[in-house]
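Next come the chains, spelled out residue by residue.
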Amino acid sequence: MSFALWMVLAAILLPYVTIMPAKVTSRIDNHAPRLAMERMTGWQQRLDWAHRNHFETFPAFAAAVIIAQMRGAPQGWADILAGLFVLIRLAYTAAYAADRPSLRSNLWSLGFLCVLGLFALAA
């Protein structure tokens, strides 16, 4: 399996790794966990928002990697772009938790460029 495809697995895990610190440090009522998460504030709330955004960005990333692989895109470039995407998303999460909105938005844009790059490789 290629490195790029392993990065799809990493991207699958990102939302869960992102939300763990917020859930561990707050009291989540297991009878109504979504309601409890809506009541979080500060960095915990921002991690919840990052968690949600990881789910939103995953489909495009996964599709881009799979299509690049199917089309025989240059593997080295596909691996680089997929790895960069995951690293950028980790930095995005840190920027979100630290309440750095401009940095967070710039990182989101860089991640999106990686997705577009993967599609371009497949073209």
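These notes cover the structure that comes with them. (Residues numbered from 1 in each chain as written. Predicted model: local features only at pLDDT ≥ 70, side-chain atom pairs only at ≥ 80, totals over all residues. Heavy atoms only, no water.)

## Some words on the overall build of the chain
Consideration 1: When you go through the chain residue by residue, the secondary structure sums to five helices and zero strands.
Consideration 2: Seen in sequence order, the chain has helices and strands lined up from the N terminus as α-α-α-α-α.
Consideration 3: By its C-alpha atoms, the chain is 50 × 30 × 15 Å across when sized along the principal axes.
Consideration 4: Put simply, the chain has 123 residues, and 40% of those count as buried.
Consideration 5: A fraction of 72% describes how many contacts in the chain between residues 6 or more apart in sequence connect residues 24 or more apart.
Consideration 6: Total accessible area computed for the chain in this model is approximately 7100 Å², and 66% of it derives from carbon and sulfur atoms.
Consideration 7: The positive charge centre, built from 10 side chains, and the negative charge centre, built from 6, are 1 Å apart in the chain. (Helix = DSSP H or I, 4+ residues; strand = E, 2+ residues; numbered from the N terminus. Buried < 20%, exposed > 50% of the residue type's maximum accessible area, 1.4 Å probe, protein only. Contact = heavy atoms within 4.5 Å. Areas by Shrake-Rupley, 256 points an atom, 1.4 Å probe, with all protein chains shown as cover. Lys, Arg positive; Asp, Glu negative; His and termini not counted. Charge placed at Lys NZ, Arg CZ, Asp CG, Glu CD.)

## Regarding the packing of aromatic side chains
Any pair of aromatic rings gets described here by the distance separating the centres and the angle formed by the planes.
Consideration 1: As enumerated under the stated definition, the model contains five aromatic pairs in all.
Consideration 2: Between W49 and Y96, the ring centres sit 6.4 Å apart and the planes meet at 50°, which makes this aromatic pair tilted. Of the two residues, W49 sits in helix 3 (residues 42-70) while Y96 sits in helix 4 (residues 75-97), which places them 47 residues apart along the sequence.
Consideration 3: Given a relative accessible area of 38%, W49 falls into the partly exposed group.
Consideration 4: Owing to a relative accessible area of 12%, Y96 belongs among the buried residues under this scheme. (Phe/Tyr/Trp six-rings, centres within 6.5 Å; stacked < 30°, edge-to-face > 60°.)

## Focus on the nonpolar core
Consideration 1: Core analysis: the biggest nonpolar cluster contains 24 residues, and F61, V65, A82, F85 and L118 have the highest contact counts within it.
Consideration 2: Of all the elements in the fold, those that place two or more residues in this core are helix 1 (3-25), helix 3, helix 4 and helix 5 (101-122).
Consideration 3: Not counting the four nearest positions on each side in its chain, F85 is found in contact with T57, F61, G111, C114 and V115.
Consideration 4: Counting residues in hydrophobic clusters, the runner-up holds five residues, among them I19, M37, M40 and L47. (Core = buried A, V, L, I, M, F, W, Y, C linked by side-chain atoms within 4.5 Å.)

## Description of the packing of helix 1 against helix 4
Consideration 1: Taken N-terminus to C-terminus, the directions of helix 1 and helix 4 make an angle of 10°; their axes are 8 Å apart at the nearest point. With respect to their mutual orientation, helix 1 and helix 4 come out roughly parallel. Contacts between helix 1 and helix 4 involve F3, A4, M7, A10, A11, L14 and T18 on the former and, on the latter, Q75, A78, D79, A82, G83, V86, R89, L90 and T93.
Consideration 2: Taken together, the residues that form the contact of helix 1 with helix 4 break down as ten nonpolar, four polar and two charged. (Axes fitted to C-alpha atoms, helices over the stretch in contact; angles between N-to-C directions. Parallel < 35°, antiparallel > 145°, perpendicular 65-115°, else oblique. Nonpolar A, V, L, I, M, F, W, Y, C, P; charged D, E, K, R; others polar.)

## Concerning the layout of surface pockets
Consideration 1: Considering only enclosed or pocket space, the largest pocket measures out at about 200 Å³ in volume.
Consideration 2: In this structure, the largest pocket is lined by I19, K23, P33, R34, M37, E38, D48, H51, R52 and F55.
Consideration 3: Within the residue set of the lining of the largest pocket, elements represented by two or more residues are helix 1, helix 2 (33-38) and helix 3. (1 Å grid on protein atoms, 1.4 Å probe; cavity = no way out; pocket = protein on both sides within 12 Å on 5 of 7 lines; lining within 4 Å. Points joined across faces, edges and corners; volume = space filled by probe spheres on them.)

Treat this as a map of the structure, not an account of what it does.
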